[in-house]
Amino acid sequence: MATSKLNLNLIDTATPPIPEATDWLSAYDGRLGPVLNLSQAVPGDPPPLVFLEKIGLAASTTEATQYGDIFGDDRLRTAYAANCSSLFKAPIDFEEVAITAGCNQAFFVSIMALAAAGDAILLPVPWYFNHKMTLDMLGIEARPLPLHAENGFLPDVQDAAELIDNSVKAIVLVTPNNPTGAVYPSGLIEAFFNLAHEKGIKLILDETYRDFLIDDAAPHGLFKDRRWQDTLVSLYSFSKSYAIPGHRLGALTASRKVLREVGKILDCVQICPARAAQISLPWAMANLGDWRAEINAQIAERAAAFRKALAHHPAWKIEQIGAYFAYVRHPFSDVSGARVAEWLAGSCGVLALPGSYFGPSQDQYLRFAFANVSCRTIEQLPTRLEAFSRAASDTCAN
C-alpha cells in the first residue's frame, strides 16, 4: 500500500522556535535564582481589572456565542478606523479594516491575497521568523534584503530596488522592528512606499508595536497620500497593545479591493474573530489611554535598565534597541548564536533567542525581549553574564 505524502512545503518549513529554545532551560539547576525569560514578545503586565471584567461580562452574553461578521464586529472596526484616522490625521473608513485572529493571521491572509506559490516577497534580514515560516509553507520565495548593524539595521531603499523583479509582489517592513527593536524614520517608510508604488507592488507594513512608541506623533504619513489604497497594507495587534494575546485579535487595513479577497480567506480559516474581546475593545480604546501611557513609560524604564545592565559587560554590544527588543552582539566570534543561547539558558537561567532564528548571517547576535520583565529582573543580568563568562571560559579551556 502506498504511503500518503505530506505537503513538502510544510515539511521544509522550520519548526516553531520558541518551544525549542524554552527546552534549553531544562538544563538549568536554579543555582543563580529564578529563570530570566527574555525570549518571547508577550505583554509583561496584565490589562486593567475593569477591562478583564468587561471581557468576562461580554463572554457571558448570547451575542458572544454567535457568529459575527467575517471582517469583525462593526463597532470594533469603526472604533479602530476612528483611532487610526485620529492618529494619522487622514480619513480611514471601517470598511477598509478587517479584524483578524492576531497580527500573525493578518500577515498570513495578506500574503495569500497578494502572492501565490512561485512568487516572491521582499523580506528584510533579520526577519520575524513567523513571516519567513508563512512564506515557506505557501511556496512563496522569501527574498532577503540584508540589513547591517553599522546602519542600525535600517533597510536601504536602493538595495531593495535592485532586488525587485516581476516575481516580487510586496515588500514587508516591520516597525518598530522585531527582532532588532529599530524604529524606522517616517521618511524611510515613505521612501519604501514610493518604491512599492513605482514598482506596482504592495508595501506590507507590520505595526504590531506601534502603540509602544513614546512619541505620540504619527509614525508615518502614508494614509495622507491618496495612493495608499493602491499600495499599502497595514497590520496591527490588539493582542500586544491591550495585553490580551490569548484573545488573539489583530487588524488589517487595506483597500476594499484587497479586503474583498482577504474575506474569502477569513471565511475559510476563522469564519469570524472571537467575539468577547471584540465586544469589549471599543470601550478599552476609548478609556485606557492613561494605562497605555503608563505601560509605555514602564517599558522605557526597562529599556534604560537593559542598557545599564549591559554596560557592565561591554563585550556584549547592543547593536540596536527599541520599543520591545534589544539585538545584542555576543562576544564569542567563533561560536554560533544558538550555542551561546543554549549555554546561557542552561548555565545561568537566562533565555534569549539566537540570531539564527531570524535569518542568515545572524549567528553573532541574540535577541532579548526586555519589555515583558521588571526592571528588578533586568538588574540581575550583570551577575548572570558574569557567571556565564566564567562558565564559558572554563568550557573553552576544557
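Everything below is about the structure shown above.
Residues numbered from 1 in each chain as written. Predicted model: local features only at pLDDT ≥ 70, side-chain atom pairs only at ≥ 80, totals over all residues. Heavy atoms only, no water.

Brief notes about the packing of helix H3 (residues 49-59) against helix H13 (residues 275-287)
Then, number 1: Contact geometry of H3 with H13 gives a least axis separation of 8 Å together with a crossing angle of 140°. As far as their axial angle goes, H13 and H3 are oblique. Regarding H3 and H13, the two cross each other, and that crossing is right-handed. Contact with H3, carried on its side by Val-50, Phe-51, Lys-54, Ile-55, Ala-58 and Ala-59, involves Ala-276, Ala-277, Ile-279, Ser-280, Leu-281, Trp-283 and Ala-284 of H13 and no other residues of that element.
Then, number 2: Tallied by class, residues from the contact of H3 with H13 come to eleven nonpolar, one polar and one charged. (Axes fitted to C-alpha atoms, helices over the stretch in contact; angles between N-to-C directions. Helix = DSSP H or I, 4+ residues; strand = E, 2+ residues; numbered from the N terminus. Parallel < 35°, antiparallel > 145°, perpendicular 65-115°, else oblique. Left-handed = near helix turned anticlockwise from the far one by under 90°. Contact = heavy atoms within 4.5 Å. Nonpolar A, V, L, I, M, F, W, Y, C, P; charged D, E, K, R; others polar.)

Re the sheet that holds strand S9 (residues 317-321)
Then, number 1: Across the sheet, four strands lie side by side as S9-S10-S13-S12; this open sheet has antiparallel pairing. The outermost strands of the open sheet, each flanked by one partner alone, are S9 and strand S12 (353-354).
Then, number 2: Bridging between S9 and strand S10 (residues 325-329) involves four bridges; their strand directions are antiparallel. From the neighbouring strand, Ile-318 faces S10, where its bridge partner is Val-328.
Then, number 3: With respect to the sheet, helix H14 (residues 289-311) is in contact with S9, S10 and strand S13 (365-369), its orientation differing from that of S9 by roughly 165°. (Pairing = 2+ DSSP bridges.)

What to know about the sheet that holds strand S4 (residues 141-146)
Then, number 1: Taken together, seven strands build an open sheet; the order of strands is S2-S8-S7-S6-S5-S3-S4 and the sheet is mixed. Looking at strand neighbours, the two that pair on one side only are strand S2 (97-100) and S4, the edges of this open sheet. On average, adjacent strands in this sheet sit at an angle of 25° to one another, irrespective of strand direction.
Then, number 2: Across the face of the sheet, helix H7 (residues 129-137) comes into contact with strand S3 (120-125), S4, strand S5 (168-174) and strand S6 (202-206) while running at roughly 155° to S3.

Considering a nonpolar patch on the surface
Then, number 1: There is a patch of nonpolar side chains on the surface, built from Leu-6, Leu-8 and Ile-11 and spanning about 340 Å² of accessible area.
Then, number 2: Its location among the elements puts Leu-6 in the segment before helix H1 (8-11). (Patch = residues over 30% accessible without salt bridge, like charges linked within 9 Å, V, L, I, M, F, W, Y side chains within 5 Å. Areas by Shrake-Rupley, 256 points an atom, 1.4 Å probe, with all protein chains shown as cover. Salt bridge = Lys/Arg side-chain N within 4 Å of Asp/Glu carboxyl O.)

Describing the nonpolar core
Then, number 1: With 108 residues, the main nonpolar core has Ile-171, Phe-238, Tyr-242 and Phe-306 as its most contacted residues.
Then, number 2: If you tally residues by element for this core, the top one is H14, at eight residues.
Then, number 3: For Tyr-242, the residues in contact, after removing those within four places along its chain, are Pro-47, Phe-51, Tyr-236, Leu-281, Ala-284, Met-285, Leu-288, Trp-291 and Arg-292.
Then, number 4: Counting 29 residues, the second largest nonpolar core, distinct from the first, contains Phe-71, Leu-114, Trp-127 and Leu-259. (Core = buried A, V, L, I, M, F, W, Y, C linked by side-chain atoms within 4.5 Å. Buried < 20%, exposed > 50% of the residue type's maximum accessible area, 1.4 Å probe, protein only.)

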